[in-house]
Amino acid sequence: GGHTREILAQGGQVLGIEWDAQSLAQRESEELANNPNLKLVAGNFADIERIATDHDWKDVDGILFDYGLSMWQIKESGKGLSYENDDEPLDMRIDDTLPTTAEDIITSYSEDQLYDTFTRNAEEINSRAIAHALVQSRRIDPIRTVGDLKRVVKEVKGDMGTLARVFQAL
């Protein structure tokens, strides 16, 4: 929102592409959405050419990609994107139409697949031990919430950096 507000304040036009339907709905309800120089569209950056063509957006002076999550998504979306909200489900999908949740990964991946996920996506040094602990733990109790995942990871390595990397990987 901050980048968009500034571009609009400078007289620019913005084609805003948002992958998260919840976030898009929130943006559309804000005062910003009433600006005639702003077009908000549901979609993925990977489809930028098609989206721009579909909305007759041809000549541009620049493109700004903001790949980060908003604080709203992290703290209030209810998707388990923050390790501060123990009761939230392990969803972690930005796009609710994607079929696989973080819970699905945690409950169905083999130990080797989990190890690969944590190593490849976050370069977590404790990947093997965390993957092993998750497989062992899920045999006893399901791992469905942020708190469930935190409990297992903290048993292996209790620091916040490790927890952050596991969340990043998922």
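The preceding data block contains the structure.
Asker: How would you explain the pairing of strand β1 (residues 14-18) if you had to name every residue and give the values?
Answerer: Along β1, four of the five residues are buried, which leaves the element largely enclosed by surrounding structure. Strand direction decides the pairing type here: β1 and strand β2 (residues 38-42), joined by five bridges, are parallel. Looking at β2, one finds that Val14 is bridged to Leu38.

Asker: So what's going on with the environment of Leu38? Which residues, and what values?
Answerer: In this fold, Leu38 is placed in strand β2. The class of Leu38 is buried, set by a relative accessible area of 10%. Distance from Leu38 to Leu8, taken between C-alpha atoms, is 7.7 Å for residues 30 residues apart in sequence.

Asker: Mind laying out the packing of helix α7 (residues 127-140) against helix α8 (residues 146-156), listing which residues take part and the relevant values?
Answerer: Contact geometry for α7 and α8: axes closest at 9 Å, N-to-C directions at 130°. One element, α7, and the other, α8, form an angle in the oblique class. Note on packing geometry: the crossing formed by α7 with α8 is right-handed. Listed contacts from α8 to Ala129, Ile130, Ala133, Leu134 and Ser137 of α7 are Leu149, Arg151, Val152, Val153 and Val156. Here the contact of α7 with α8 is composed, by residue class, of eight nonpolar, one polar and one charged.

About the thresholds
- Residues numbered from 1 in each chain as written.
- Predicted model: local features only at pLDDT ≥ 70, side-chain atom pairs only at ≥ 80, totals over all residues.
- Heavy atoms only, no water.
- Buried < 20%, exposed > 50% of the residue type's maximum accessible area, 1.4 Å probe, protein only.
- Helix = DSSP H or I, 4+ residues; strand = E, 2+ residues; numbered from the N terminus.
- Pairing = 2+ DSSP bridges.
- Axes fitted to C-alpha atoms, helices over the stretch in contact; angles between N-to-C directions.
- Parallel < 35°, antiparallel > 145°, perpendicular 65-115°, else oblique.
- Left-handed = near helix turned anticlockwise from the far one by under 90°.
- Contact = heavy atoms within 4.5 Å.
- Nonpolar A, V, L, I, M, F, W, Y, C, P; charged D, E, K, R; others polar.

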